[in-house]
Amino acid sequence: MGFRDTALLAALLWPLGAGAAPPPFEHRLTPQPVAERTWMVEGRPEELSEDNGGDIANSAFIVTGHGVLVIDTGSTLAYGHALRAAIAGVTDQPVRWVLNTHHHPDHVFGNGAFPEAEIAALPGTRAAFRRHGEVFRDTLYQRLGDAARGTGLVPASVDLAAGERRFGGYPLRLLALRGHSGSDLAVLDPATGVLFTGDLVFHHRAPTTPHSPGIAVWREDLATLAALDFKVLVPGHGPVARDPGPIAATDAWLAWLHRRLRAGAERGATANQVIDAPLPEAIAAWPLARYELTRSVSHFYADYERRYLWGEPAATTK
Ligand SMILES: [Zn+2]
């Protein structure tokens with residue numbers, strides 16, 4: 001059966017699939033220790049596919065001493081169960097809290113594997129998931145086929161707010177930002193110096209922009225993150241870092257994207273020309289560079305044309 005057939009079949013069957021047991025997760029999840037009591041599980045630098053089974057985003061967890069706190073749960077119920085098993089290989093403390101950094105499918109659809117945990121997110125993330133969750137789920141079934149089996153809508157049920165919050169006595173600093181998805185949580189652990197950025201920071205993978213409120217907004221958030229006192233950076237995608245390099249690199253990508261879109265609009269280039277023009281070497285080296293440029297052009301370019309070709313106010317380019 002070809003991909004299209006499988007995808008069609010999965011799309012037709014998803015109402016059944018959403019209640020079914022998940023298939024075994026075929027990819028081994030290996031938690032990497034990144035600091036004291038803190039682990040990260042690194043996703044692949046790829047888009048969702050049947051081959052990778054949705055293993056594309058990072059998840060992380062902190063063994064607090066009062067229970068485990070999980071940050072992001074992956075793309076599917078099967079991934080969520082595999083993450084749960086990986087955590088059980090490290091500690092016998094129960095998972096008590098799940099934080100969703102934002103509403104994108106590769107970060108939230110493993111929530112169903114943690115039914116006894118408090119699942120929390122920013123109010124804007126919860127609202128966005130109410131708006132987009134069903135479409136995301138349907139797309140997931142189309143992209144992943146059987147790997148998505150059993151994955152249903154399990155939204156966060158508790159609101160988070162910016163500031164310090166204690167989880168069973170363990171304090172974390174929460175930041176409410178918005179540059180990547182419209183509502184983005186970053187988490188700083190003052191005890192270990194680990195900063196969990198969600199998808200505000202991509203490392204060795206081109207940034208995804210289709211729900212961004214604007215490149216300028218995102219770059220302001222990166223400046224906020226860069227000013228924090230942290231020792232270890234856990235990005236939403238890509239390897240852990242022990243310096244602010246990935247923040248600067250994400251900023252450099254966004255700055256380049258802005259220049260490319262603006263220059264294209266100013267000279268009246270078509271969207272296709274903006275997409276197809278050669279990439280600078282440093283940009284081309286990022287996995288998914290052309291793929292994400294294409295998505296960014298389709299999302300942003302009409303606004304850039306309004307502003308830089310026609311001289312009208314634009315909502316997203318600032
Ligand atoms: Zn995202």
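Residues numbered from 1 in each chain as written. Predicted model: local features only at pLDDT ≥ 70, side-chain atom pairs only at ≥ 80, totals over all residues. Heavy atoms only, no water.

As a reminder of what qualifies: UniProt positions are given in the numbering used here, feature names are shortened, and annotations may be inferred rather than shown by experiment.
The chain is annotated in an unreviewed UniProt entry as Beta-lactamase domain-containing protein from Alloalcanivorax profundimaris. Its UniProt record, at the heading Sequence similarities (unreviewed entry), says of the chain: "Belongs to the metallo-beta-lactamase superfamily. Class-B beta-lactamase family."

### Observations regarding the pattern of salt bridges
Let me state the cut-off plainly: Put simply, a salt bridge is a Lys or Arg side-chain nitrogen that is within 4 Å of an Asp or Glu carboxyl oxygen. A helix here means a DSSP run of H or I that spans at least four residues, while a strand means a run of E at least two residues long, and both kinds are numbered starting from the N terminus. When a residue's accessible area, from a 1.4 Å probe over protein chains only, is under 20% of the maximum for its type it is buried; when over 50% it is exposed; and in between it is partly exposed.
For the structure shown, the criterion picks out 16 salt bridges. Note that Arg126 and Asp159 form a salt bridge whose closest N and O atoms lie 2.9 Å from each other. Separated by 33 residues along the polypeptide, Arg126 in helix α4 (residues 123-144) and Asp159 in strand β7 (residues 158-159) bring together distant segments of the chain. A residue is classified by how much of its surface remains accessible, and Asp159, at 44% relative accessible area, is partly exposed. The salt bridge involving Arg137 is made with Asp138; its shortest N-O contact spans 3.6 Å. The class of Arg137 is buried, set by a relative accessible area of 9%. Three or more residues are tied together by salt bridges with common partners; here these are Glu47, Arg143, Arg205, Glu292 and Arg295.

### Let's talk about the sheet that holds strand β11 (residues 194-202)
This is how the line gets drawn: One bridge is not enough; two strands pair if DSSP finds at least two bridges between them. Only the stretch in contact is used when fitting a helix axis, every axis being a line fitted to C-alpha atoms; angles between N-to-C directions are given from 0 to 180 degrees. Residues count as neighbours in contact if any of their non-hydrogen atoms are within 4.5 Å of one another.
Ordered by their spatial adjacency, 5 strands build an open sheet running β8-β9-β10-β11-β12, and the pairing between neighbours is mixed. The open sheet terminates on both sides in strands that have one partner only, identified here as β8 (163-167) and β12 (232-237). Strand-to-strand, the axes of this sheet are offset by a mean angle of 30°, without reference to chain direction. Across the sheet, helix α5 (residues 215-226) touches β9 (170-177), β10 (184-189) and β11, and the angle it forms with β11 is around 165°.

### Details of unusual backbone geometry
Even without glycine at this site, Arg37 takes up a positive phi of about 50°. If you trace the backbone, Arg37 turns up in the loop between β1 (32-35) and β2 (38-41). Look at Arg37 and you get partly exposed, because its relative accessible area is 25%. The phi angle at Asp72 is positive, at roughly 75°, despite the residue not being glycine. With respect to the helices, strands and loops of the structure, Asp72 is situated in the loop between β4 (68-71) and α2 (77-88). Residue Asp72 is classed as buried on the basis of its relative accessible area of 2%.

### Quick look at the coordination of the zinc ion
Let me state the cut-off plainly: As a rule, N, O and S atoms within 2.8 Å of a metal are its donors, except that Na, K and Ca use 3.2 Å; water is not among the atoms, so sites may look incomplete. Under the classification used here, a metal with four donors is tetrahedral if each angle lies between 85 and 135 degrees, square planar if opposite donors are over 155 degrees apart and the others between 65 and 115, a six-donor metal meeting that same test is octahedral, and anything else is irregular.
The zinc ion binds to the protein through His102 (NE2), His104 (ND1), His180 (NE2) and Asp199 (OD), with metal-donor distances spanning 2.1 to 2.2 Å. Around the zinc ion sit 4 donor atoms; with metal-centred angles ranging over 89 to 170°, the donor geometry is irregular. Binding-site remark: the zinc ion is held by donors from one chain whose sequence spacing is H-x1-H-x75-H-x18-D. Residue His102 is located in the loop between β5 (95-99) and α3 (105-108), and its partner His180 is located in the loop between β9 and β10; the two are separated by 78 residues in the primary sequence. Residues His102 and His180 agree in their burial class; the two are buried.

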